[in-house]
2 protein chains.
Amino acid sequence: MAKIGEFTLHATDGAARTGELQTAHGVVQTPIFMPVGTVGSVKGIAPDDLNNIGAEIILGNTYHLYLRPGDDLVARHGGLQKFNSWNKPILTDSGGFQVFSLSDLRKIKEEGVTFRSHLDGSKHLFTPEKVIQIQRNLNSDIMMVLDECVGFGADKEYTARSLEMTTRWAKRCREEYPRGAGDNLLFAITQGGFFKDLRERSIAQLTSEDFDGFALGGLSVGESKEKMMEILYHSAPLLPKDKPRYLMGVGTPLDIINGINAGIDMFDCVLPTRNARNGTLYTSQGKISIKRKEYAEDDGPLDPNCNCYTCRTFSRAYLRHLFQAKELLSFRLNSIHNLTYFLDTVRGARKAIREGRFAEYKKSYEAIYPNEVV
Amino acid sequence: MAKIGEFTLHATDGAARTGELQTAHGVVQTPIFMPVGTVGSVKGIAPDDLNNIGAEIILGNTYHLYLRPGDDLVARHGGLQKFNSWNKPILTDSGGFQVFSLSDLRKIKEEGVTFRSHLDGSKHLFTPEKVIQIQRNLNSDIMMVLDECVGFGADKEYTARSLEMTTRWAKRCREEYPRGAGDNLLFAITQGGFFKDLRERSIAQLTSEDFDGFALGGLSVGESKEKMMEILYHSAPLLPKDKPRYLMGVGTPLDIINGINAGIDMFDCVLPTRNARNGTLYTSQGKISIKRKEYAEDDGPLDPNCNCYTCRTFSRAYLRHLFQAKELLSFRLNSIHNLTYFLDTVRGARKAIREGRFAEYKKSYEAIYPNEVV
């Protein structure tokens, strides 16, 4: 068995690459999409479903789990995998993004960030050291450093100051948890907003440190697709080739294809599960809204090219009925399908890379989502 | 294979009996509990779950399915089983109870009952003939006649007049669908409120007609347990021995045990699924509220004597967390467990009857629910 943290590339096709990452709870094939299990469950989806759809790793949100049920409680139960009965890898974010997007009255200082809980208004402090302690309590396979995610529209001066602090915070995280202190991997998060030179600076600073992987943070925060692609294609090649690269919080199927094309290995996004609950479903014929009248009598499967439980078992007419009636089952069946679609997307990408036809694979997705091509 | 509608008794123990009923979509072992799938799905539970927990027959609500998606639509899709991909028996109620409990401005006449939809206020008429046509469109394995369910507190004169109309309505249903016209069975519903002589009268009138089974209606409508048991134990023995007997809308596990003890074969109730969504869970140690603080750190299974997916896989602490966080998964996992508990209750009853120890089995449930013993 490979050493924990070992990242092996099996094939490349242009900048796109496929490989595997060894974690304490098993191997992750890359490129990979990670379903988001915010509070310790992927919404509407149990581990049996996750295994059936071939999920390899899920994401948990440090901010949410810290507030409820509490990382101490999870630690007493043997970590997140023992607690939620998902015995495969888990990545946890650092809570930074949620502090900035969900909590009230956040205040950023060099020490860390103070914020009020969105649940009960209670006051908390996240320092770089604290979020590592929390993630170790969760026994996350892949921990993320605390960072400041600057929103779209932040000026260059603010962004520059912020990325320097993010670098200092990352170093403090590494000091709190030196390599080899345990089986948990630690990824750094590069920032720099929408300024190419700042992206370069952040990457240069962080890649000189000893992390197990590197993320691009601060994308998909309100910018145009063009801006996102510009920064993605500029930054991804600057990340070390021999470490896993993670594009945080991204994105649509075509965003993921573009990420893979730029050399990214890991993705996470709430889109498949959130859209599932809104009735927006991804198919090999494009995105559809299952609530539309045209599906009321449609006896066909949601996606004839999908082999998930939902597509194998139910008609579009029934799925529309469940959605219209706001039946709980609608959320599960739609989520099973959308997650399968996102996982099929990365599984297909791996195969295409191995077979040297990733450009063609990318074109097939551009044909499905022509309006998203930039 | 037995003829459709054939009901075979395999063993009796006192008044309790176990047997099987042949339907167009397979055999149902009795006594049986039928999970309620109001609008064509058991809330939060897919057919895969239903198969895993050993459900043999589910119930659909005619009133709901008529309003949405419409019985015509279901008929065009080949009936309810084809529509919802549950390929085992389905019983549909007549819509009578829902008209009386859910709709606005209902008006009962000899012809039938007019009501306004709880969804959009539109006006509709259910006649005995109409509810049979709807249930045939749904291709229900067991159809129920239209009846008037008189509430607790109705006076004797009203109840007497009502039961006569219910008998006339039942005859009109049978005329609309003569025996042998198709593979759908038709059950009559006896009424009579909380007056023993009226119960006798209703049963005498309806059992002289040619129905495939007989239900006790109008119980569990607000009366005390004592009242319910009095009417149950008085009425059940008056129903034909050679036909399935169905106690509608009942009830708690101990109600079901009492029903079986009185000679009832079939039960349905929203209790296991509704309580699952409220965090009230049935266990071999009694009913628990999973939200209670005492379960926050409880590593044990929900019910050590249960073999369902929920109990095999998750701790009470995790189930409490999911419930507190209002996670969708909570509804599914709790429902899987509660339905398993109710099905285990009837499966255990069958075995106890075959082995001549049903009285002892009943005592074990009285020990679990001492406050419900009357």
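Parameters and conventions
- Residues numbered from 1 in each chain as written.
- Chains lettered and ligands numbered in written order.
- Predicted model: local features only at pLDDT ≥ 70, side-chain atom pairs only at ≥ 80, totals over all residues.
- Heavy atoms only, no water.
- Axes fitted to C-alpha atoms, helices over the stretch in contact; angles between N-to-C directions.
- Helix = DSSP H or I, 4+ residues; strand = E, 2+ residues; numbered from the N terminus.
- Parallel < 35°, antiparallel > 145°, perpendicular 65-115°, else oblique.
- Contact = heavy atoms within 4.5 Å.
- Pairing = 2+ DSSP bridges.
- Core = buried A, V, L, I, M, F, W, Y, C linked by side-chain atoms within 4.5 Å.
- Buried < 20%, exposed > 50% of the residue type's maximum accessible area, 1.4 Å probe, protein only.
- UniProt positions renumbered as here; feature names shortened; annotations may be inferred.
- Least-squares fit on C-alpha atoms with pLDDT ≥ 70 in both.
- Salt bridge = Lys/Arg side-chain N within 4 Å of Asp/Glu carboxyl O.
- Buried area = accessible area lost by both parts, 1.4 Å probe.
- Polar contact = N/O pair within 3.5 Å; in protein donor to acceptor, adjacent residues only side chain to side chain.
- Nonpolar A, V, L, I, M, F, W, Y, C, P; charged D, E, K, R; others polar.

Caption draft 1: A look at the packing of helix H7 (residues 156-176) of chain B against helix H8 (residues 196-207) of chain B. Residue and element names in this part refer to chain B. Viewed as axis vectors pointing N to C, H7 and H8 meet at an angle of 10°, and their least axial separation amounts to 10 Å. Our classification of the angle between H7 and H8 gives roughly parallel. Residues Lys156, Thr159, Ala160, Leu163, Glu164, Thr167 and Ala170 of H7 form the contact with H8, whose participating residues are Asp197, Leu198, Arg201, Ser202, Gln205 and Leu206.

Caption draft 2: View of the sheet that holds strand S7 (residues 104-108) of chain A. Residue and element names in this part refer to chain A. Sheet architecture is open: 3 strands sit in the order S7-S8-S9, paired in antiparallel fashion. This sheet does not close on itself; its edge strands, each paired only once, are S7 and strand S9 (123-126). Mean inter-strand twist for the sheet, computed between neighbouring axes without regard to direction, equals 15°.

Caption draft 3: Local environment of the nonpolar core. Judged by nonpolar contacts, the single largest core of 226 residues is most densely connected at Tyr246 of chain A together with Tyr246 of chain B. In this structure Tyr246 of chain A touches Met34, Leu59, Leu91, Met144, Phe187, Phe214, Ala215, Leu216, Ile264, Met266, Phe267 and Asp268 of chain A, once residues within four positions along its chain are discounted.

Caption draft 4: Summary view of the UniProt feature "domain: tRNA-guanine(15) transglycosylase-like" (unreviewed entry) in chain A. UniProt's feature table lists "domain: tRNA-guanine(15) transglycosylase-like" (unreviewed entry) at residues 15-369 of chain A, given in the numbering used throughout. Its end C-alpha atoms 22 Å apart, residues 15-369 of chain A is made of 43% helix and 17% strand.

Caption draft 5: Fine view of the relation of the copies chain B and chain A. Here chain B sits on chain A after a turn of 180° about the axis and a move of 0.0 Å along it, with an RMSD of 0.0 Å. The two molecules are tied by a two-fold rotation axis, judged by turn and shift. Among all residues of chain B, the minimum C-alpha distance to the rotation axis is found for Leu328 of chain B, at 3.9 Å. Both copies present the same face, since 100% of the interface residues in chain B are matched by interface residues at the equivalent positions in chain A.

Caption draft 6: Structural context of the pattern of salt bridges. For the structure on display, the rule yields 52 salt bridges over all chains. Taking the shortest distance from any N to any O, the salt bridge between Glu157 of chain B and Arg161 of chain B comes out at 3.9 Å. Taken together, the residues span about one helical turn, with Glu157 of chain B and Arg161 of chain B both in helix H7 at a distance of 4 residues. With respect to burial, Glu157 of chain B and Arg161 of chain B carry one shared label: exposed. Across the pair Glu230 of chain B and Lys196 of chain B runs a salt bridge, and its minimum N-O distance is 3.7 Å. Remark: Lys196 of chain B occurs in helix H8 and Glu230 of chain B occurs in helix H9 (residues 225-235); sequence separation between them is 34 residues. Each of Asp48, Asp49 and Arg332 of chain A together with Asp48, Asp49 and Arg332 of chain B takes part in a single network of salt bridges with overlapping partners.

Caption draft 7: Representation of the interface of chain B and chain A within the structure. In this complex, chain B contributes 39 residues to the contact, which on the side of chain A involves 39 residues. Interface area for chain B against chain A, summed over the two sides, is near 3200 Å², with a carbon-plus-sulfur share of 55%. Counting the contacts that link chain B with chain A gives 8 salt bridges. One salt bridge in this structure joins Lys43 of chain A and Glu327 of chain B, with 2.5 Å as the shortest N-O distance. Summed over the shared surface of chain B and chain A, the result is 24 residue pairs in polar contact (both at pLDDT 80 or more). Contributing elements (two or more residues each) for the side of chain B that touches chain A: helix H1 (47-52), helix H3 (71-76), helix H4 (80-84), helix H12 (309-313), helix H13 (316-324) and helix H14 (328-354) of chain B. For the side of chain B that touches chain A, the class distribution of residues is 19 nonpolar, 9 polar and 11 charged.

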